[in-house]
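Take a look at the letters that make up each chain.
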Amino acid sequence: MDKEDYQTTPTPEDIWKILHAISARQAKFDRDTEKLEKQMEETDRQLKETGKLIKDTGEQMKDTDRQLKETKKQAKEDMKELKERMKETDRQIKETGKQLKKTDARFNSQWGKLMESLVEGDLVPLLRGQGRTVNSTLTRV
């Protein structure tokens, strides 16, 4: 209602219109208030949930840090053990190399002696049987 409407005495009909408008505004206010209260409750619920998630995440991060420390410690121990094994393997390879050289030297010298004895034993009669003259033989010349 305008200012001009109040210069005259309001009629009961005017009062009912005013009361009806106030009632409609109050109802809208009540609905808006109820909607805000529900939104606030939802916001509170979400904040509590977010807080719980943050707390859970913090605990998970602590657990992850602990696991990382354990993994790092285990990796150091494994690396130390690996280095020791590599040293032992190197030592064994060197020892095997030495043994192979000894075996090779033995085999070659023994093989040579075997061949010399086989050839020398039958060589002279074989060559003479073919009409060749053999005056002497020499070994390890």
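Remember, it's a predicted structure, so these values are computed and weren't measured experimentally.

Conventions and cut-offs
- Residues numbered from 1 in each chain as written.
- Predicted model: local features only at pLDDT ≥ 70, side-chain atom pairs only at ≥ 80, totals over all residues.
- Heavy atoms only, no water.
- Helix = DSSP H or I, 4+ residues; strand = E, 2+ residues; numbered from the N terminus.
- Rg over C-alpha atoms; globule rule 2.2 N^0.38 Å.
- Buried < 20%, exposed > 50% of the residue type's maximum accessible area, 1.4 Å probe, protein only.
- Areas by Shrake-Rupley, 256 points an atom, 1.4 Å probe, with all protein chains shown as cover.
- Lys, Arg positive; Asp, Glu negative; His and termini not counted.
- Charge placed at Lys NZ, Arg CZ, Asp CG, Glu CD.
- Salt bridge = Lys/Arg side-chain N within 4 Å of Asp/Glu carboxyl O.
- Contact = heavy atoms within 4.5 Å.
- Patch = residues over 30% accessible without salt bridge, like charges linked within 9 Å, V, L, I, M, F, W, Y side chains within 5 Å.

J.: Is there a simple way to explain the overall build of the protein in this structure?
T.: Looking only at helices and strands, the protein has one helix and zero strands in total. In summary, the protein has a C-alpha radius of gyration of 55 Å against a globular reference of 14 Å for 141 residues, an excess of more than 25%. Each principal axis of the C-alpha distribution contributes one length, and for the protein these read about 165 × 35 × 20 Å. Going through the 141 residues of the protein one by one, you find that 1% of them count as buried. A total of about 13,700 Å² of accessible surface is found on the protein, and carbon and sulfur atoms cover 57% of it. Here the protein contributes 31 positive and 29 negative side-chain charges, whose respective centroids are spaced 16 Å apart.

J.: Sorry, what's going on with the pattern of salt bridges here?
T.: Opposite charge on two side chains lets them pair, provided their charged atoms get close. A full pass over the atoms with the stated rule returns nine salt bridges. In this structure, K38 engages E34 in a salt bridge whose closest nitrogen and oxygen atoms are separated by 3.6 Å. Taken together, the residues span about one helical turn, with K38 and E34 both in helix α1 (residues 12-129) at a distance of four residues. Judged by relative accessible area, K38 falls into the exposed class, the value being 52%. Accessibility expressed as a relative area gives 44% for E34, which makes it partly exposed. Between D63 and R66 there is a salt bridge, with the nearest N and O atoms lying 2.5 Å from each other. Of this pair, D63 and R66 both sit in helix α1, three residues apart, which is roughly one turn of that helix. Linked through salt bridges whose partners overlap, the residues forming this network are E42, R45 and E49.

J.: Quick question: what am I supposed to make of the environment of T137 here?
T.: Mapping T137 onto the fold places it in the segment after α1. The partly exposed category is assigned to T137, whose relative accessible area is 37%. Separated by 24 residues in the primary sequence, T137 and K113 place their C-alpha atoms 14 Å from one another. The residues contacting T137, other than those within four sequence positions of it, are E120 and V124.

J.: How do you make sense of a nonpolar patch on the surface when you look at a structure like this?
T.: Where nonpolar side chains cluster on the molecular surface, the patch consists of I15, W16, L19 and I22 and spans about 440 Å² of accessible area. Tracing the backbone shows L19 in helix α1. L19 gets classed as partly exposed once you look at its relative accessible area, which sits at 44%.

J.: Would you mind going over the environment of D65 with me for this structure?
T.: Within the secondary structure, D65 is located in helix α1. The exposure class assigned to D65 is partly exposed, which follows from its relative accessible area of 43%. Sequence-wise, D65 and T11 are 54 residues apart; in three dimensions their C-alpha atoms are separated by 79 Å.

So yeah, pure geometry; function would need other evidence.
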